[in-house]
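# Summary of the model geometry
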Amino acid sequence: GYLSFVGLHPLPIRHGRTIGDLARLFVQERELEVELFVLPLEGWNRGDFLDETGLPWVMPSPNMPTLDTARVYPGGCLLEGTNLSEGRGTTRPFEIFGAPFIDPEELAAALRDWNLPGCRLRPLHFEPTFHKFTGTVCGGVQVHVTDPAVFEPVTTYTAAIGAIWNMYPGEFAWGRPPYEYEADKLPIDILAGGEDWRQGIESGQSPWNMKGAWAAALAAFDELTAGHRRYE
């Protein structure tokens, strides 16, 4: 019921699969009558980050200018379902986020209490040059990924949005439709693939409790796709 332009197949937000892995999965699950050939990569292991391969970064979007953006984006994309600036209109979109009503020091302190792994959260002010809050000074944080191997983008941004929900109940709001060709459902619900994530935030669950609720579904996805993983 929540398939959309931003999610056309049931997948974890951070799925850890190559495009070829997913193509093989889609052919099987959707019973597609296509002749699929996946060109294999040479010299790459599943645990290799792009900056370990010697290959250049190629922007898939104007708002994903660096590999650092890609590291935070699986969680940072959830900001698009809120009234928070996701840093569009700055040089570090999705790493920087906030709003005019946020006290940067208070937010950073609240997030440090969660001991989120693999990152530092730096309080800052910024002024977007376009998109949300154009020309308005916003308070927020910048997510600096210090260890990509342990950094958890979805958990980190779940913690951030949950903290802002609790700290600024009168100012924070979910974005309203239409969004990405969806005219009725809340943008946050189609980004998260359903209502459960939003309801977890609204009920005050901790990011670690919410992560625990995902564990069984992630394990099932790993089992489902095990036969489609070409690389170790």
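Figured I'd write up the structure that's included with this text. Small disclaimer: the values here were computed from a predicted structure and weren't measured. (Residues numbered from 1 in each chain as written. Predicted model: local features only at pLDDT ≥ 70, side-chain atom pairs only at ≥ 80, totals over all residues. Heavy atoms only, no water.)

## With respect to the overall build of the protein chain
- What the protein chain contains, in helices and strands, is seven helices and three strands.
- Starting at the N terminus and walking to the C terminus, you meet the elements of the protein chain as α-α-β-α-β-β-α-α-α-α.
- By the compact-globule yardstick of 17 Å for 232 residues, the protein chain fits well, its C-alpha radius of gyration being 18 Å.
- The principal-axis extent of the C-alpha atoms belonging to the protein chain is close to 55 × 40 × 30 Å.
- When the 232 residues of the protein chain are sorted by exposure, 41% land in the buried category.
- Within the protein chain, contacts between residues at least 6 apart in sequence are counted, and of these 65% link residues at least 24 apart. (Helix = DSSP H or I, 4+ residues; strand = E, 2+ residues; numbered from the N terminus. Rg over C-alpha atoms; globule rule 2.2 N^0.38 Å. Buried < 20%, exposed > 50% of the residue type's maximum accessible area, 1.4 Å probe, protein only. Contact = heavy atoms within 4.5 Å.)

## Some remarks on the nonpolar core
- Membership of the largest hydrophobic core comes to 35 residues, with the highest contact counts inside it found for Phe97, Leu107, Leu111, Val143, Ile164 and Trp197.
- Those elements giving two or more residues to this core turn out to be β1 (96-99), α3 (104-112), β2 (119-126), β3 (138-145), α4 (153-167), α5 (187-192) and α6 (196-202).
- Ranked by residues supplied to this core, first place goes to α4 with six residues. (Core = buried A, V, L, I, M, F, W, Y, C linked by side-chain atoms within 4.5 Å.)

## Things to note about the packing of aromatic side chains
- A complete count under the given rule lists nine aromatic pairs for this structure.
- Pairing Trp44 with Tyr231 gives two aromatic rings, centres 5.2 Å apart and planes at 80 degrees, and the pair type is edge-to-face. Residue Trp44 is located in the loop between α1 (19-29) and α2 (67-76), and its partner Tyr231 is located in the segment after α7 (207-225); the two are separated by 187 residues in the primary sequence.
- Tyr231 sits in the buried class, given a relative accessible area of 10%.
- Put simply, the rings of Trp165, Phe172, Trp174 and Trp197 pair up and form one aromatic cluster.
- Sitting above the plane of the Tyr2 ring, Lys185 keeps its charged end 5.6 Å from the centroid. (Phe/Tyr/Trp six-rings, centres within 6.5 Å; stacked < 30°, edge-to-face > 60°. Lys NZ or Arg CZ within 6 Å of the ring centre and 35° of its normal.)

## Quick look at the packing of α2 against α4
- In contact at an axis separation of 7 Å, α2 and α4 are set at 55 degrees when each is read in the N-to-C sense. What the angle tells us is that α2 and α4 run oblique. In this structure, α2 crosses over α4, and the sense of that crossing is right-handed. The residues of α4 that touch α2, namely those facing Arg71, Val72, Pro74, Gly75 and Gly76, are Pro153, Val154 and Tyr157. (Axes fitted to C-alpha atoms, helices over the stretch in contact; angles between N-to-C directions. Parallel < 35°, antiparallel > 145°, perpendicular 65-115°, else oblique. Left-handed = near helix turned anticlockwise from the far one by under 90°.)

## Looking at the sheet that holds β1
- Read across the open sheet, the three strands follow the order β1-β3-β2; overall the sheet is antiparallel. With one partner strand each, in any of the chains shown, β1 and β2 form the two edges of the open sheet. Adjacent strand axes in the sheet meet at a mean angle of 25 degrees, parallel and antiparallel pairs treated alike.
- When β2 meets β3, the two strands line up antiparallel, connected through eight bridges. Bridged to Phe126 within β3 is Cys138. (Pairing = 2+ DSSP bridges.)

## Quick notes on the state of the cysteines
- If you walk through the whole model with that rule in mind, you get zero disulfides.
- Looking at the unpaired Cys138, the closest cysteine sulfur is the one in Cys77, lying at 20 Å. (Disulfide = S-S within 2.5 Å.)

## Here we look at the pattern of salt bridges
- For the structure on display, the rule yields 12 salt bridges.
- In this structure, Arg17 engages Asp222 in a salt bridge whose closest nitrogen and oxygen atoms are separated by 2.7 Å. Of the two residues, Arg17 is situated in the segment before α1 and Asp222 in helix α7; the sequence distance between them amounts to 205 residues.
- Under the relative-accessibility criterion, Arg17 is labelled buried at 12%.
- Between Arg71 and Asp51 there is a salt bridge, with the nearest N and O atoms lying 2.9 Å from each other. Of this pair, Arg71 sits in helix α2 while Asp51 sits in the loop between α1 and α2, and the two are 20 residues apart along the sequence.
- Take Arg71: its relative accessible area is 14%, and that puts it in the buried class.
- A single network of salt bridges, built from pairs that share partners, joins Asp51, Asp68, Arg71, Arg92 and Glu95. (Salt bridge = Lys/Arg side-chain N within 4 Å of Asp/Glu carboxyl O.)

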